[in-house]
Amino acid sequence: MDREWNDSQPIYRQLRDRVVAMILDGVLREGDPLPSVRTVAAEYRVNPLTVLKGYQQLVDEQLVESRRGRGMFINAGARELLLLGERQKFLAEQWPRIHATIQRLGLTPQELLEAATPPSSNAKQEPPKP
Amino acid sequence: MKSLRSMLFVVLMSLSVVASSQTEGPKSEAQRSFDYLKSLAGSWEGYLTTFPQADTKTELMHATLRVTSMGTALVHEMRGDGPDDPITMLYMDGDRLLLTHYCDAGNRPRMVGKMLPDGKTVEFDFLDVAGSTQHGHMQHAVFTVIDANHHTEDWTYLMPGDKPVRAHLELQRTK
């Protein structure tokens, strides 16, 4: 995890977002333990209460469960739950703006797909130069 | 003649002091609570336990309490290495003891304090909040003086959806 924080939202929300990104990226898998509040607070130089708030947010979202005396663990189905939520959030909040821009610029699906293809793939598709 | 003047001066000064003390009257319970908390001025360190959490204790925490503004305010700072260390101001507002917490969540809740019957604990209950509560806010605080060199603090934060998380600090005076 990055040690840098920004001023756009409380650190506990940024901490929550980073754990979410790690779950979505498969860095944290179902059943994996989260590092302890103590460890995160010391490692990232934040107040332990801030870490606790971030973890509690994950518990409230049913992504993480607290096992008494053992710590916090990623719930079964956490990634699917997150994907569902993040997809809905993308479609509701970001896609309308992106779609409006696409319409405004008159971009075709083909152009968008080509732009989304990694450069290395594009290079492979190009015919060899004489 | 000179000694008579001196005696008159002393008598008038004495009367003035008596009148002044009668005007001030007895201190309110809130003022006594505030004075009691001022005895915590100094530097402290100790361990923090969080609820609900599996951790028992965290790393060593530091806190300072400082009387300032001619004794009208007590500044509380929870000290760490990060940018999220909160500041809390305790002060009298008329006959109320108030606490304003400057939270990293971007808001400033106020709480009203009262001394509990045990005579050692001052409890602060939520009054109102300035700023957005989108990310929750501090709701409750308790200061318990054990002796001149030991005290505990309990801070309760309400998450969005009103779920509480609590931090318990056991502190020992270092200065």
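It should be noted that the structure appears before, not after, this text.
Residues numbered from 1 in each chain as written. Chains lettered and ligands numbered in written order. Predicted model: local features only at pLDDT ≥ 70, side-chain atom pairs only at ≥ 80, totals over all residues.

(A) Broad picture of the interface of chain A and chain B. Facing the 27 residues of chain A at the interface are 26 residues of chain B. Secondary-structure elements contributing two or more residues to the side of chain A that touches chain B are helix H1 (11-24), helix H2 (37-44), helix H3 (48-60), strand S1 (64-67) and strand S2 (71-74) of chain A. For the side of chain A that touches chain B, the element with the highest residue contribution is H3 of chain A, accounting for 8 residues. Of the residues in the side of chain A that touches chain B, the class split is 11 nonpolar, 8 polar and 8 charged. (Contact = placed C-beta atoms within 7 Å. Helix = DSSP H or I, 4+ residues; strand = E, 2+ residues; numbered from the N terminus. Nonpolar A, V, L, I, M, F, W, Y, C, P; charged D, E, K, R; others polar.)

(B) Representation of H2 of chain A. All of the buried residues along H2 of chain A are Val37, Val40, Ala41 and Tyr44 of chain A. Down the axis of H2 of chain A, the buried side of the element spans an arc of 100 degrees, and every buried residue falls inside it. Where the residues of H2 of chain A are buried, they touch H3 of chain A together with strand S1 (42-51) of chain B. (Buried ≥ 20, exposed ≤ 12 C-beta atoms within 10 Å, placed from the backbone. Arc of directions from axis to C-beta.)

(C) Molecular detail of the sheet that holds strand S3 (residues 73-79) of chain B. Residue and element names in this part refer to chain B. Sheet architecture is closed into a barrel: 10 strands sit in the order S1-S2-S3-S4-S5-S6-S7-S8-S9-S10, paired in antiparallel fashion. Averaged over neighbouring strand pairs, the angle between their axes works out to 25 degrees when direction is ignored. Inspection of the sheet shows strand S8 (residues 137-147) paired to strand S9 (residues 150-158) by 9 bridges, in the antiparallel sense. Each bridged residue has a counterpart across the sheet, and for His140 the counterpart in S9 is Thr156. (Pairing = 2+ DSSP bridges. Axes fitted to C-alpha atoms, helices over the stretch in contact; angles between N-to-C directions.)

(D) Structural context of the pairing of S8 of chain B. Residue and element names in this part refer to chain B. Direction of pairing for strand S7 (residues 121-130) relative to S8: antiparallel, over a ladder of 5 bridges. Within the sheet, the bridge partner assigned to Glu123 lies in S8 and is Val142. The antiparallel hairpin formed by S8 and S9 contains 2 residues in its connecting segment.

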